[in-house]
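Structure at a glance
For reference, the chains in residue letters:
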Amino acid sequence: MMLQKLTVGKKLLLIVLIFTTVLVSSATMMLLDLRTGMFEDRKGKLRALVETAVNTVNQYGDLAAAGKMPVDEAQKMALATLTHMNFDGKNYFFVFDRKGIMKMHPSRKDNIGQNMLELKDEQARANYVGYLEAANKSPAYEGFTEFPGRRPGSTLNDTPKLFLSVIDKHWDWVISTGIFLDDLEAK
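Bear in mind the structure is a predicted one, so any value in this text is a computation, not a measurement. (Residues numbered from 1 in each chain as written. Predicted model: local features only at pLDDT ≥ 70, side-chain atom pairs only at ≥ 80, totals over all residues. Heavy atoms only, no water.)

Focus on the sheet that holds strand β6 (residues 159-167)
Backbone hydrogen bonds hold the strands of a sheet together, and the pairing may be parallel or antiparallel. Pairing within the open sheet is antiparallel, and its five strands lie in the order β4-β3-β7-β6-β5. In the strand order of this sheet, the two ends are held by β4 (102-104) and β5 (144-149), each with one partner. The mean angle between the axes of side-by-side strands here comes to 35°, regardless of whether they run parallel or antiparallel. Two elements, strand β3 (residues 94-97) and strand β7 (residues 173-180), share four bridges in a ladder whose sense is antiparallel. Paired with V95 across the two strands is I175, which belongs to β7. In the packing of helix α3 (residues 122-137) onto the sheet, the strands contacted are β3, β4, β5, β6 and β7, and the crossing angle to β5 comes to about 170°. (Pairing = 2+ DSSP bridges. Helix = DSSP H or I, 4+ residues; strand = E, 2+ residues; numbered from the N terminus. Axes fitted to C-alpha atoms, helices over the stretch in contact; angles between N-to-C directions. Contact = heavy atoms within 4.5 Å.)

Printed below as a string of structure tokens:
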């Protein structure tokens, strides 16, 4: 009844407004689905990468456990191998133990042997506490965290990054890596 009182011009305007609302809503839902799909793809990529790194460490641990290699040598070889494993150009793995002691980080050599859970930099300390907590409390290959990370060459943790942290089976090492998410963020 109310529509009968509207002029033809107002009826056309109403049709345009309804169509525009439906179109914008549909486009928004499609973009959210796309972002969710891209985010899940990143998680899958991280799982595959970290699984490779953990398997590498575990192979050296298996050799040491079988007495085929001294533990110290196996650990050195595992860390040396991970140091040279990078992906997508400048992305890398890093390793610290459950006590927080940095074992390997290709771009933070000064932190080797340092307890990362006691860093003065609040954001960096929070990151390491989060990696450890995720690795300890999550099922294998589900220890995801989102923290600000550093772009190569930067000293600031200021770019959104998704991390995956997993504990090896022999030495209680937390093996981690991350992928930047800033390209998924709304501008």
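Thoughts on a nonpolar patch on the surface
Where nonpolar side chains cluster on the molecular surface, the patch consists of L3, L6, L14, I18 and V22 and spans about 410 Å² of accessible area. Judged by relative accessible area, which is 33%, L14 ranks as partly exposed. (Patch = residues over 30% accessible without salt bridge, like charges linked within 9 Å, V, L, I, M, F, W, Y side chains within 5 Å. Areas by Shrake-Rupley, 256 points an atom, 1.4 Å probe, with all protein chains shown as cover. Salt bridge = Lys/Arg side-chain N within 4 Å of Asp/Glu carboxyl O. Buried < 20%, exposed > 50% of the residue type's maximum accessible area, 1.4 Å probe, protein only.)

As for the layout of surface pockets
Space inside the largest pocket adds up to approximately 250 Å³. Considering the residues around the largest pocket, the lining is formed by 21 residues, among which Y92, H105, S107, R108 and R150 are closest to the centre. Secondary structure elements with two or more residues in the lining of the largest pocket: β2 (91-92), α3 and β6. With four residues, α3 is the single largest residue contributor to the lining of the largest pocket. (1 Å grid on protein atoms, 1.4 Å probe; cavity = no way out; pocket = protein on both sides within 12 Å on 5 of 7 lines; lining within 4 Å. Points joined across faces, edges and corners; volume = space filled by probe spheres on them.)

Side note on the packing of aromatic side chains
Enumeration according to the criterion identifies ten aromatic pairs in this entry. Ring centres of Y131 and F163 lie 4.8 Å apart, and the angle between their planes is 50°; on these two criteria the pair is classed as tilted. Of this pair, Y131 sits in helix α3 while F163 is found in strand β6, placing the two residues 32 residues apart along the sequence. Exposure remark for F163: the relative accessible area of 3% places this residue in the buried category. Among the aromatic side chains, those forming a connected cluster through ring pairs are F94, F96, Y128, Y131, F147 and F163. The ring of Y92 has K161 lying over it, and the distance from NZ or CZ to the ring centre is 5.8 Å. Above the plane of the ring of F180 lies K161, whose end atom (NZ or CZ) is 4.5 Å from the centre. (Phe/Tyr/Trp six-rings, centres within 6.5 Å; stacked < 30°, edge-to-face > 60°. Lys NZ or Arg CZ within 6 Å of the ring centre and 35° of its normal.)

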